[in-house]
Amino acid sequence: MFKTLRAMDAGCLTIIAGLAFGAIPAAATAAENQGITKDEILLGSVLDLSGPVASIGVPVREGQDMAIQAVNDAGGIHGRKIRIIYSDSGYDPKKAIIATQKLLNDDHVFAFVGQLGAAIVHVTMPLIINKGTLLLFPNAPLEEVYEPTKPLAFTAQPAYNVQARLAATYAYKTLGKRKFCAFYQDDDSGEQVLRGIQEGLDPFGAKLVEKTSYKRGATDFSSQFARMKQADCDIVMFGAVVREAAAAVLERQKIGWNVDVLVSQPSATDTVIRLAGGAAEGVLGVNQMLPLEMVKDQPNVEKVFKAYADEHGGRLPDPAFLYGYNFAMLFIEAARRAGPDLTTQSLIKALEEFRDVDLSFGMAPMTFTATQHVGSLSTNLLKVSNGRWTRIDVLK
Amino acid sequence: MQTPADYRSELTIAGRAGRQGLIGVAALIVIAIIPWFHSNYWISQLTFVAIYAIAGFGLQILLGFAGQVSLGQAAFLASGAYACSYVERLGFGSPAGFAAAVIVSTLLGLLVALPALRMAGLYLGIATMSFGFIIEEVAARWSSVTGGNAGTVVAAIEVGGVSLGQPWQIYYLSWLFCLMVLLLSYNLLRTPTGRAMQAIRDSEIAARSSGVRVAQTKGIAFSLSAAFAGLAGALYSHALGFISPEQFTISMSLDLLVMILIGGLGTLRGVLFGAVFLVVSPELMQAVLGMFTSGNTELPGLRPLLFGGSLILVLLFQPDGIDAMVSRTGAWLIRHAVSWRRR
Amino acid sequence: MIIFLQQVVSGAAVGLVYALVALGFVMIHKSTQVFNFALGELMMLGAFCAYTFIVLFALPFWIGGILAILSVALFGAVLDRVLLRRMIGNKPFTIFMLTVGIGFCIRAIVMLVPQWGTDTYSLPSPLQGKVLSFGGLIVSADHLAILLTASAIAAALYVFFQYTRLGLAMRAISQNPLSASYLGVRVDTLFSIVWALGAAGAALAGVMLAPISFVHADMGQIGLKAIPAAVLGGFDSLPGAIVGGLVIGIVEALAGFYCPEGVKDVAAYIVLLVVLAVKPRGLFGQPDAKKV
């Protein structure tokens, strides 16, 4: 028995040591270029593929991959194919920072596309920009990406608080709501929505009547809703994410409170309807991207969805797919316009000449200038009607 | 586990000190020259090995030597990280920041020790776990000090006007601290306090009957482990450049426990092995998987599978951890080398 | 006043979910001296199995639910036979860490199964959306079902432990496994049965909770909340687990309503620490007698 144990020990240790020594030099020798070669453009993307928002990260990747695959199959951009390296952040800032550093310093990517998560972008943006690399179209509606304008950072979406501000203004002026309540997730994205609501109400001298929060992962919202019901609000604005938003909508139905609900971008998605069912009827939401059901019948979209269905057993992609697809397409379009001599500067120049560029894939037309690096400051106001999201208005 | 009683007697036993010393020096040399050969990515990864090791030494003293279960070490890392960043933000410089980190965490450790004296095992573990959750929430709500949920960006270390922001600088600093903590822990074992801790671990009642000051010793164990964790937290905040409440969760506390167990419970070398395992094994796994699958697929769930699976395997087949594996292999090699020379 | 009562009722409903999981903790610990950290993950596994049977295989809710509970119970027994069996005699802390490892692995495997993964699924129950009203107090039918089920289980367990031979055998092994085995009790089989029962309890909690909280890989977090419930009542007391769960649930609901934001999230832990400071063995716990 002892002999076997010794052999096992030595065997294990040798394998571990061997792999360690093999892996470390492999990581040390990295490509020594700026991410652009004669036939390749190297992109990086740090997404949450296994953590709390993996349900967004995975479809985003699918969308990006599909757009990139299509362009590669058609010959690439000016003869260059796009290769994209993904890293899983697990929505952990620490892992995201390490992953970003690796993509920057070891893999030398040309640009980061579709970086996912407000907290993630918040901490990795300085790293990326200080290295002279582009941060393009992150999946994080964060005001600091475009305010103040940074030469290397471009985004397609207005920030959470900007959308919340527009939504609150709309609720006040158009819907005539006066007693506002907020229900938000106890983290950065939720607090941004809260801030936006207050920003929207300030010009009217109005204030929040009640605000309640929850910790991500919570399943019981009865006390929060009881408190808000007692405050007798006429609208509850959500700064919540899909799962909790759906559960909260169910709670609202359970206590029989017919108050209007306006959800923020993360929850204005088909998944919430799928989870909450009939309780979601009448719910309002803001989202810069149109819901899947609304765009799926457009011919160009239908083609892509059919290709997706063929690969994935006949089902439609998740709404987050649209973000991935659109943002990748934005990069592709910009790279195309930049011409064969693709450099960081030529891409920036090409982007800054975008005027109402409409990709017709559910996203608003994009305009970038030297002083505006956010593609569109408007958002769609949506409402759940007959179990589907429909557009009511466009808020600017 | 051997209880060293006397420096000299230890040295005379089998003359191992010479060999141990050589290995130690060799390891130091390897650590020192790594920044010359490896990328910034690996430098920062190995920095985290040192940081986790520092926190690990603290946990080993508390758990491996004094036998006190703590499922909430992340709270002390958090207190250290936030104390350091707050003091630095106020403009007092990094040395003050680090001192604050250690002091605040030590005091917090003492605070935890008081009720902990009456609890043992399961209940102590759950109480410390609860403490961890509470500190996490405090970090999220006390925005004026901690920056709340948005977290706070941490500037580079500033010592007397010199900025130590480069990865290799933080690397050396972390390993320097790690070495200091290792030596401190090693010496602690030889003192009466260290022996008292082990006595408490093995049988608290017997220890008390033999005159060991149980309350005092437990207090020292908690404070020291918290102090080390606080130091690790301060280093962590600079290595990462950003801290937020979401990092100091029970996940981190569990990672530290897994690290100690896989490395070898009750040994100091085991802490280092465990820290290396914690940081390097996910990388290895990615490298190995990358050989079999094309593309850059990072499958969700692989990291918990790696840690959980390794933990189960270690506990079932090699409960004394990597440290025991290394010892046995080393002894086997030496025995055969000796017998070779005899021939 | 009615608002206060409503909070108490809602809190009690949630608390009983905690209680169901806490019962699992206590049952396993009482009989085998093992603190099974993986119980939350077993609950999640139960929910996913129910999802598979009910939604993917289109079985009726009750049949799918029972199948799910049986599957997880079997899994629990297998865990005991294959893994826990080898650890008998080890320090409690080491066995605890083994269950931590098991919990990691269960969660990882759930995330890797193609049909499950990291997505969120809804598990509609036949009682979905139905709400009962008792003079101004609102209780959802799902919660009422949990209340009735938990009570039934508590009663069943009481009868089981007091009046059946098997229950008597389990009480014997929880006090002194060695002498129990000398007296002819099949200790190893009983260990597996206890694990199966504990896992079944967790799976039941998962099945009942799924319509409310949806099915996803992070459901195990609720297990973390059930731990204070189990400890509050004293980790070896079955009625204590239920009382503990109720207390935690009600305190959370009241804290959410009356206290500043954020308190609700840590209320359970604050209460636990306060109780442990006064009664280090929980409300109904027995002081440990150890042979020196």
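Residues numbered from 1 in each chain as written. Chains lettered and ligands numbered in written order. Predicted model: local features only at pLDDT ≥ 70, side-chain atom pairs only at ≥ 80, totals over all residues.

Q: Please set out the overall build of chain C residue by residue, giving values where relevant.
A: Helix and strand counts for chain C come out as 11 helices and two strands. Mapped in sequence order, the helices and strands of chain C form the string α-α-α-α-β-β-α-α-α-α-α-α-α. Across its three principal axes, chain C shows a C-alpha extent of roughly 55 × 50 × 35 Å. Each of the 292 residues in chain C was classed as buried or not, and the buried ones make up 55%. Contacts in chain C between residues at least 24 apart in sequence constitute 75% of all its contacts with a sequence separation of at least 6. (Helix = DSSP H or I, 4+ residues; strand = E, 2+ residues; numbered from the N terminus. Buried ≥ 20, exposed ≤ 12 C-beta atoms within 10 Å, placed from the backbone. Contact = placed C-beta atoms within 7 Å.)

Q: Can you explain the overall build of chain A? Please cite residues and give values.
A: Summing up its helical and strand segments, chain A has 13 helices and 12 strands in all. Relative to the compact-globule value of 21 Å for 396 residues, chain A shows a C-alpha radius of gyration of 23 Å, a close match. Dimensions of chain A along its principal axes, counting C-alpha atoms only, are 70 × 65 × 40 Å. When each of the 396 residues of chain A is scored for burial, the buried share is 57%. Taking as baseline every contact in chain A between residues at least 6 positions apart, the subset at least 24 positions apart corresponds to 68%. (Rg over C-alpha atoms; globule rule 2.2 N^0.38 Å.)

Q: How would you summarise the nonpolar core if you had to cite specific residues and measurements?
A: If you look at the biggest cluster of nonpolar residues, it comprises 352 residues, and the most contacted ones within it are Ile54 of chain B together with Ala47 and Ala203 of chain C. Considering each element in turn, this core owes the most residues, 18 residues, to helix α3 (residues 40-65) of chain B. Excluding its chain neighbours within four sequence positions, the residues that come into contact with Ala203 of chain C are Leu42, Met43, Leu45, Gly46, Ala68, Ile69, Val72 and Ala73 of chain C. (Core = buried A, V, L, I, M, F, W, Y, C linked by C-beta atoms within 7 Å.)

Q: Just give me the short version of the packing of helix α7 (residues 222-230) of chain A against helix α1 (residues 2-32) of chain C, but keep the residues and values in it.
A: Where α7 of chain A meets α1 of chain C, the closest approach of the two axes is 10 Å, and the angle between their N-to-C directions is 160°. Viewed along their axes, α7 of chain A and α1 of chain C adopt a mutual orientation that is roughly antiparallel. The way α7 of chain A lies across α1 of chain C gives a crossing that is right-handed. Between α7 of chain A, through Ser222, Ser223, Ala226 and Gln230 of chain A, and α1 of chain C, the contact on the second element is made entirely by Ile3, Gln6, Gln7 and Ser10 of chain C. (Axes fitted to C-alpha atoms, helices over the stretch in contact; angles between N-to-C directions. Parallel < 35°, antiparallel > 145°, perpendicular 65-115°, else oblique. Left-handed = near helix turned anticlockwise from the far one by under 90°.)

Q: Break down the interface of chain B and chain C for me, with residues and values.
A: The interface of chain B with chain C comprises 35 residues on the first partner and 33 residues on the second. Put simply, the parts of the chain that give the side of chain B that touches chain C at least two residues each are α6 (121-141), α10 (204-209), α12 (250-263) and α14 (302-317) of chain B. Among the elements that line the side of chain B that touches chain C, the one with the most residues is α6 of chain B, at 11 residues. The residue makeup of the side of chain B that touches chain C, split by class, is 26 nonpolar, six polar and three charged. (Nonpolar A, V, L, I, M, F, W, Y, C, P; charged D, E, K, R; others polar.)

Q: Which residues make up the sheet that holds strand β7 (residues 208-214) of chain A, and what values go with them?
A: All names here are of chain A. Taken in spatial order, the seven strands of this open sheet run β7-β6-β8-β9-β10-β11-β12, and their pairing is mixed. Every interior strand has two partners, whereas the edge strands, β7 and β12 (388-395), have only one. Adjacent strand axes in the sheet meet at a mean angle of 25°, parallel and antiparallel pairs treated alike. Where strand β11 (residues 379-385) meets β12, seven bridges bridge the pair, whose relative direction is antiparallel. Bridging from a neighbouring strand, Leu381 pairs with Asp393 of β12. In the packing of helix α6 (residues 188-201) onto the sheet, the strands contacted are β6 (180-185), β7 and β8 (235-239), and the crossing angle to β6 comes to about 160°. (Pairing = 2+ DSSP bridges.)

Q: Give a description of the sheet that holds strand β5 (residues 153-154) of chain A that names residues and reports values.
A: Residues and elements named next belong to chain A. Here five strands make up an open sheet; going across it, the order is β2-β1-β3-β4-β5 and the pairing parallel. Both edges of this open sheet fall to β2 (81-88) and β5, since each of them pairs with a single strand only. Sheet analysis places strand β4 (residues 134-136) next to β5, joined by two bridges and oriented parallel. Across the sheet, Leu135 pairs through a bridge with Ala153, a residue of β5. Relative to β2, helix α2 (residues 54-73) is tilted by about 165°, and along the sheet it contacts β1 (40-47), β2 and β3 (111-113).

Q: Explain the environment of Ala241 of chain C to me, using residue names and the numbers behind them.
A: Residue and element names in this part refer to chain C. With respect to the secondary-structure elements, Ala241 resides in helix α10 (residues 238-258). In this structure Ala241 comes out as buried when scored by C-beta crowding, with 35 C-beta atoms within 10 Å. For the pair formed by Ala241 and Ala226, sequence separation is 15 residues and the distance between their alpha carbons is 9.0 Å. Those residues in contact with Ala241 that sit more than four places away from it in its chain are Ala19, Ala22, Leu23, Val26, Ala229, Ala230 and Gly233.

Q: Provide a residue-level description of helix α2 (residues 39-56) of chain C, including the pertinent values.
A: Residues and elements named next belong to chain C. Taking 1.5 Å of rise per residue, the 18 residues of α2 would be expected to cover 26 Å, and the 24 Å separating its terminal C-alpha atoms lies within 8% of that figure. Burial analysis of α2 places 16 of its 18 residues in the buried class, which makes it a mostly covered element. Among the residues trailing α2, Ala58 stands out with phi positive, at a value near 55°. (Expected span 1.5 Å × (residues − 1).)

Q: Can you break down the confidence of the model for chain C residue by residue, with the values?
A: Summary statistics for chain C give a mean pLDDT of 86 and a share of 98% for residues scoring 70 or more. Of the two predicted TM-score estimates for the complex, the pTM is 0.87 and the ipTM is 0.88. (pLDDT = per-residue confidence, 0-100.)

Q: An account of the packing of α12 of chain B against helix α13 (residues 268-292) of chain B is needed here, citing residue identities and associated values.
A: All names here are of chain B. Interaxial distance between α12 and α13 falls to 7 Å at its minimum, and their mutual angle equals 120°. On the basis of their axis angle, the class for α12 and α13 is oblique. You can see that α12 and α13 cross each other, and the crossing is right-handed. Where α12 abuts α13, its residues Asp255, Met259, Ile260, Ile262 and Gly263 lie against Gly270, Val271, Phe273, Gly274, Ala275, Phe277 and Leu278. When grouped by side-chain class, the residues that make up the contact of α12 with α13 number eight nonpolar, three polar and one charged.

Q: Report on the pairing of β1 of chain A, specifying residues and quantitative values.
A: All names here are of chain A. With seven of its eight residues buried, β1 lies for the most part within the structure. Pairing of β1 with β2, which is carried by eight bridges, proceeds in the parallel orientation. When the bridges of β2 are listed, Ile41 appears paired with Ile82. With two bridges joining them, β1 and β3 adopt parallel strand pairing. Residue pairing for β3: Leu43 is matched across the bridge by Ala111.

Q: Account for helix α11 (residues 214-240) of chain B, naming residues and giving values.
A: An ideal rise of 1.5 Å per residue puts 39 Å on 27 residues; α11 of chain B measures up with 38 Å between its terminal C-alpha atoms. The first or second residue beyond α11 of chain B is Gly241 of chain B, which carries a positive phi of 85°.

Q: Pulling in residues and values, what's your account of the domain arrangement of chain A?
A: Residue and element names in this part refer to chain A. In terms of domains, chain A is made up of domain 1 (40-158 + 297-377) and domain 2 (160-287). Between the C-alpha centres of domain 1 and domain 2 the distance comes to 29 Å. Its residues placed into classes, the side of domain 1 that touches domain 2 shows seven nonpolar, one polar and two charged. (Domains from an automatic or database assignment.)

Q: Describe the confidence of the model for chain A, and please don't skip the residues or the numbers.
A: Per-chain confidence: chain A averages 86 in pLDDT, with 91% of residues scoring 70 or above. Of the regions scoring below 50 in pLDDT, residues 21-33 of chain A engages in 21 contacts with residues more than four places distant in sequence or in other chains.

Q: Account for the environment of Leu46 of chain B, with residues named and values stated.
A: Residues and elements named next belong to chain B. Considering the arrangement of structural elements, one finds Leu46 in helix α3. Residue classification places Leu46 among the buried positions, given that 23 C-beta atoms sit within 10 Å. Through-space distance from the C-alpha of Leu46 to that of Gly309 is 23 Å; in sequence the pair is 263 residues apart. Dropping the residues within four chain positions of it, Leu46 is found in contact with Ile34 and Tyr171.

Q: Now, about unusual backbone geometry: what can you tell me, with residues and values included?
A: A cis amide bond links Glu147 of chain A with the next residue in sequence, Pro148 of chain A, at an omega value of 0°. Phi angles above zero are rare outside glycine, and Asn386 of chain A is one such case at about 55°. Tracing the chain through its elements places Asn386 of chain A in the loop between β11 and β12. The phi dihedral of Ala58 of chain C is positive, around 55°, even though this residue is not glycine. Mapped onto the fold, Ala58 of chain C is located in the loop between α2 and α3 (61-82).

Q: Break down the pairing of β8 of chain A for me, citing the residues and quoting the values.
A: Residue and element names in this part refer to chain A. Counting buried residues in β8 gives five out of five residues, a clear majority hidden from the surface. Here β8 shows no split at all, with Ile235, Met237 and Gly239 on one side and Val236 and Phe238 on the other all buried. The sheet contact formed by β6 and β8 spans five bridges and is parallel. Considered in β8, the bridge of Tyr184 is made with Gly239. Taken together, the three bridges between β8 and strand β9 (residues 260-263) define a ladder with parallel strand orientation. Along β9, the bridge assignment pairs Met237 with Leu262. Note on the crossover from β8 through helix α8 (residues 242-254) to β9: the handedness is right-handed. (Right-handed = clockwise from strand over helix to strand, strands pointing away.)

Q: How would you summarise the environment of Val274 of chain C if you had to cite specific residues and measurements?
A: Residues and elements named next belong to chain C. With respect to the helices and strands, Val274 occurs in helix α11 (residues 263-278). Since 12 C-beta atoms lie within 10 Å of it, Val274 is described here as exposed. Along the sequence, Val274 and Leu232 sit 42 residues apart, while their C-alpha atoms lie 9.8 Å from each other.

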